[in-house]
Amino acid sequence: MPRGPRSARDRRTMEAATVAAVLGFLLLAAAGRSAGDEAREAAAVRALVARLLGPGPAAAFSVSVERALAPESGLDTYRLSGGGAGARVRVLGSTGVAAAAGLHRYLRDFCGCHVAWSGSQLRLPEPLPACTCLHLPPPAPGARVPAPLPHASTRRYRYYQNVCTHSYSFVWWDWARWERELDWMALNGINLALAWSGQEAIWQRVYLALGLTQSEIDEYFTGPAFLAWGRMGNLHTWGGPLPRSWHLKQLYLQHRILDRMRSFGMIPVLPAFAGHVPKALTRVFPQVNVTQLGSWGHFNCSYSCSFLLAPEDPLFPIIGSLFLRELTKEFGTDHIYGADTFNEMQPPSSEPSYLAAATASVYQAMITVDPDAVWLLQGWLFQHQPEFWGPAQVTAVLGAVPRGRLLVLDLFAESQPVYIRTASFHGQPFIWCMLHNFGGNHGLFGALEAVNRGPAAARLFPNSTMAGTGMAPEGIGQNEMVYALMAELGWRKDPVADLEAWVSSSAARRYGVTHKDTEAAWRLLLRSVYNCSGEACSGHNRSPLVRRPSLQMATAVWYNRSDVFEAWRLLLTAAPTLAASPSFRYDLLDVTRQAAQELVSLYYEEARAAYLNKELVPLLRAAGRLVYELLPALDKVLASDRRFLLGSWLEQARAAAVSEAEARFYEQNSRYQLTLWGPEGNILDYANKQLAGLVADYYAPRWGLFMEMLVESLAQGIPFQQHQFDKNAFQLEQAFVFSTQRYPSQPQGDTVDLAKKLFLKYYPRLVAGSL
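Structural notes, computed from the coordinates. (Residues numbered from 1 in each chain as written. Predicted model: local features only at pLDDT ≥ 70, side-chain atom pairs only at ≥ 80, totals over all residues. Heavy atoms only, no water.)

**Remarks on helix α18 (residues 480-489)**
What sets the pattern is the α-helix's 3.6 residues per turn: residues three or four places apart point alike.
Working step 1: Counting buried residues along α18, 9 of its 10 residues qualify, which places the element largely inside the surrounding structure.
Working step 2: Those residues of α18 that fall on the buried side of the exposure criterion are E480, M481, V482, Y483, L485, M486, A487, E488 and L489. (Buried < 20%, exposed > 50% of the residue type's maximum accessible area, 1.4 Å probe, protein only. Helix = DSSP H or I, 4+ residues; strand = E, 2+ residues; numbered from the N terminus.)

Here's what the structure looks like:
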């Protein structure tokens, strides 16, 4: 058979046809909502408008949902019309999510409004502006208004969440907080998201039916703050057991979450059986074929080394179908399920045949209950252990599920995309995700250029099977500008042409007014903290401030610290004009916090240099300024905003309880996660935060101990004993976890005044080059 140019062209044609078929199958698989849902979705968006704007302003908007608006099945579309001269603004969407996204587009681009986790700026102009063509400037007064054009998403999905987000951010939420988040999701066009609350209650039913005792089940589940890693098979037992009230509350929340998601037209992703089982299953079924995996996260086998059911064991399909049947009976289904068998855990065999069988068994258990099942797989395993996941191993997993029935999250695509080295996941559809944040850490960080250009590059990749974009942070409530950009890219065909202009206009929307100093400040932040590039970029804050001190800590950053300090100065210059803006005050505090973090690194460098040069007086000076001046001042400015209070954080945990004993238990879970993470500091400070109270009573005492031992070492002429310091520091860390001290949950002091005092104390020293 000839193998010339014509056959190559034929192969390319066949490849393109295969890609189109795979993506077409996915569109049909997820397009099961009928036209009868249109009225419900429109009503849900109208209720959102009333919650967001209030009943009066909401009356100026008309919201409708019509499936026929979409140019092809699966691509969300909206159209804006009306407004101006007292006319109502008409928002039409092909789904509720599309209508909500269209509303957000109008509020953002026509009204200069802003919606974010930290708060919203919703001052509407009067009268409301007319909806002109979105791609043209507003017409001159009296000129003909161009006909409104539909605006369609570029791909089927805009995904949101990471399994870890449920522990780092959502764990203690009540319905009121969930409702705000679901509104934020709808406004940002999210149409695919995890809905994993309440699954432990379902597993409890399944395990009891299989013959486990209640005490065995209680021993297996982790505590609330660590459920994400129990769900992925990394951990068991640690931080548990779960109280009965927890199961009841989570079932209630899950029903409300699912009802609201579906009312918007979102697709909830439910959990499925990945193969991990409690050790107690071997008591009930002594002949069961299980393999004990290796340890995870520096935990010993008391809390890790999970048991994995062999794919060929007859119990595998039984347990998998039991769980999914009970789950869908309780919650219904939208036919997309998440499961992660080998998340950060090395499989027991690298043989492709084993990996294919293990993958196929998970999928088979899904379709036994739901023949229309689509499996959502976090692609983190391929990125996290590339030395194990070679071409043969990756191909085995991806090829074990029919094409179009596996939807892969390329979880860290802004930094380390996997689709490039796997030929677009060997034909399986994937979602280009921005991970961005690890552990819910505070700290200004972003790779905005990579984020801006990444989705378009993935769409243009040869034979691309990209099915959408996603935001998959481990924790939320930080770096809101980054998420605003990523959400917008889900509706853009091309990257933002001018990021500087985009950032400037975003800042104006945040504050409700244009100001030259805030624009200049954000341009500096864009070129510095938000300009990380390369594979080394990671949104995990490793600043010396939030780490257990040593003489070997790295202080290098990818940006010029002077840009942060200058942005700080510019924001303070704008404060007299913008101090009434909650978003401005939040940003001012966040940049002040970042400047203080930079100062900690500089003082640490001075102290380390003084110690290594055997200079006692400079060591005492740097230590004193860091421990007794800077850290208390940072704690005080953080205390001026409820979003940076340890008391608010812990109060969320306590509020989830039904008794004081439960409240203490939940609070200790939360304290562990913020600090030691495990009984022995197993993943120490991974989930670090910069909160008032945490700085004063955790980071500052640890730094004080470090400086005290450095001074003693130098004064006595003996080497610094890091091992002894670590032991002493652990006692401090553990004392914080076990403490029952209550912290304020209401802010104290004025953010602008406190930030100014901090600035006036340290900025002149920075300029003079002498801290």
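**Concerning the sheet that holds strand β7 (residues 157-160)**
Working step 1: The strand order around the closed barrel formed by 8 strands is β7-β8-β9-β13-β14-β15-β16-β17, and the pairing between neighbours is parallel. Neighbour-to-neighbour, the strand axes of the sheet open up by a mean angle of 30°, direction not taken into account.
Working step 2: Relative to strand β13 (residues 336-338), strand β9 (residues 267-271) runs parallel, the two sharing 2 bridges. Across the sheet, P271 pairs through a bridge with G338, a residue of β13.
Working step 3: Set on the sheet, α18 makes contact with β16 (430-434) and β17 (466-471); between it and β17 the angle comes to about 160°. (Pairing = 2+ DSSP bridges. Axes fitted to C-alpha atoms, helices over the stretch in contact; angles between N-to-C directions. Contact = heavy atoms within 4.5 Å.)

**Description of the state of the cysteines**
Working step 1: Per the counting criterion, the structure on display carries 1 disulfide.
Working step 2: At a sulfur-sulfur separation of 2.0 Å, the disulfide partner of C301 is C305. An S-S torsion of about -70° defines the bridge between C301 and C305 as left-handed.
Working step 3: Judged by relative accessible area, C301 falls into the partly exposed class, the value being 43%. (Disulfide = S-S within 2.5 Å.)

**Here's the deal with the packing of aromatic side chains**
Working step 1: Throughout the structure, instances matching the rule amount to 57 aromatic pairs.
Working step 2: With 6.1 Å between their ring centres and 80° between their planes, W172 and W246 make a pair best called edge-to-face. Taken together, the residues span a long stretch of sequence, with W172 in the loop between α5 (165-168) and α6 (175-187) and W246 in helix α10 (residues 244-264) at a distance of 74 residues.
Working step 3: W246 gets classed as buried once you look at its relative accessible area, which sits at 4%.
Working step 4: Residues W246 and Y666 carry aromatic rings whose centres are separated by 5.8 Å and whose planes lie at 70° to one another, so their mutual orientation is edge-to-face. With W246 in helix α10 and Y666 in helix α25 (residues 660-674), this pair connects stretches of sequence that are 420 residues apart. Comparing W246 with Y666, the two get one shared label, buried.
Working step 5: Here the aromatic residues Y168, F226, W229, W238, W296, F299, Y303, Y672, W677, Y686 and F738 are joined through ring pairs into a cluster of three or more.
Working step 6: The ring of F736 carries the charged tip of R671 above its face, separated from the ring centre by 4.8 Å. (Phe/Tyr/Trp six-rings, centres within 6.5 Å; stacked < 30°, edge-to-face > 60°. Lys NZ or Arg CZ within 6 Å of the ring centre and 35° of its normal.)

**Details of the packing of helix α22 (residues 582-612) against helix α23 (residues 616-638)**
When two helices pack together, their arrangement is given by the angle between the helix axes and by the axis-to-axis distance.
Working step 1: Their axes nearest at 9 Å, the elements α22 and α23 cross at an angle of 165°. In terms of their interaxial angle, α22 and α23 are classed as roughly antiparallel. For the element pair α22 and α23, the recorded crossing hand is left-handed. Where α22 approaches α23, its residues L589, T592, R593, A596, L599, V600, Y603, E606, A607, A610 and Y611 are matched on the opposing element by P618, L619, A622, R625, L626, L630, L631, L634, V637 and L638. (Parallel < 35°, antiparallel > 145°, perpendicular 65-115°, else oblique. Left-handed = near helix turned anticlockwise from the far one by under 90°.)

**A word on unusual backbone geometry**
Working step 1: That bond from E126 to P127 is cis: its omega, -5°, falls within 30 degrees of zero.
Working step 2: Within the secondary structure, P127 is located in the loop between β5 (119-121) and β6 (151-152).
Working step 3: Here G240 and P241 are connected by a cis peptide whose omega angle stands at 0°.
Working step 4: Among the structural elements, P241 can be located in the loop between α9 (227-231) and α10.
Working step 5: In this structure, H298 takes a positive phi of about 65° despite not being glycine.
Working step 6: With respect to the element layout, H298 can be found in the loop between β11 (290-292) and β12 (307-309).

**Some points on the pattern of salt bridges**
Working step 1: All chains considered together, the criterion is met by 38 salt bridges.
Working step 2: Three or more residues are tied together by salt bridges with common partners; here these are R105, R108, D109, E488 and R492. (Salt bridge = Lys/Arg side-chain N within 4 Å of Asp/Glu carboxyl O.)

**Topic: the nonpolar core**
Working step 1: If you look at the biggest cluster of nonpolar residues, it comprises 264 residues, and the most contacted ones within it are Y106, W229, W677 and W703.
Working step 2: Broken down by element, this core gets its largest block of residues, 15 residues, from α22. (Core = buried A, V, L, I, M, F, W, Y, C linked by side-chain atoms within 4.5 Å.)

**Brief notes about helix α12 (residues 315-331)**
Working step 1: Between its terminal C-alpha atoms α12 stretches 24 Å, which fits the 24 Å expected from 17 residues at 1.5 Å a residue.
Working step 2: Along α12, the positions that sit buried rather than exposed are L315, F316, I319, G320, S321, F323, L324, E326, L327, T328 and F331. (Expected span 1.5 Å × (residues − 1).)

**Remarks on the pairing of strand β14 (residues 374-378)**
Working step 1: Counting buried residues in β14 gives 5 out of 5 residues, a clear majority hidden from the surface.
Working step 2: Of the two faces of β14, both are covered, the one formed by V374, L376 and Q378 as well as the one formed by W375 and L377.
Working step 3: Pairing geometry for β13 and β14, over 3 bridges, is parallel. What sits directly across from Y337, in β14, is W375.
Working step 4: In this view, the connection linking β13 to its parallel neighbour β14 by way of helix α13 (residues 352-369) has right-handed handedness. (Right-handed = clockwise from strand over helix to strand, strands pointing away.)

**A word on the side chain of E414**
Working step 1: By secondary structure assignment, the location of E414 is in the loop between β15 (406-410) and α16 (423-426).
Working step 2: Despite its burial, E414 pairs with no opposite charge; the closest candidate is R542, at 12 Å N-O.
Working step 3: Here the side chain of E414 touches H436 through a polar contact of 2.8 Å, landing on its backbone nitrogen.
Working step 4: Once residues lying within four places of it in the same chain are set aside, the contact partners of E414 are W432, C433, M434, L435, H436, A450 and V451. (Lys, Arg positive; Asp, Glu negative; His and termini not counted. Polar contact = N/O pair within 3.5 Å; in protein donor to acceptor, adjacent residues only side chain to side chain.)

**A word on the environment of P544**
Working step 1: Looking at where P544 falls in the secondary structure, it is placed in the loop between α20 (516-527) and α21 (561-578).
Working step 2: The class of P544 is buried, set by a relative accessible area of 1%.
Working step 3: In sequence terms P544 and D334 are 210 residues apart; their C-alpha atoms lie 45 Å from each other.
Working step 4: Beyond its immediate chain neighbours, meaning those up to four positions away, P544 contacts M553, A554, T555, V600, S601, Y604 and W703.

Nothing here speaks to function; it is geometry throughout.
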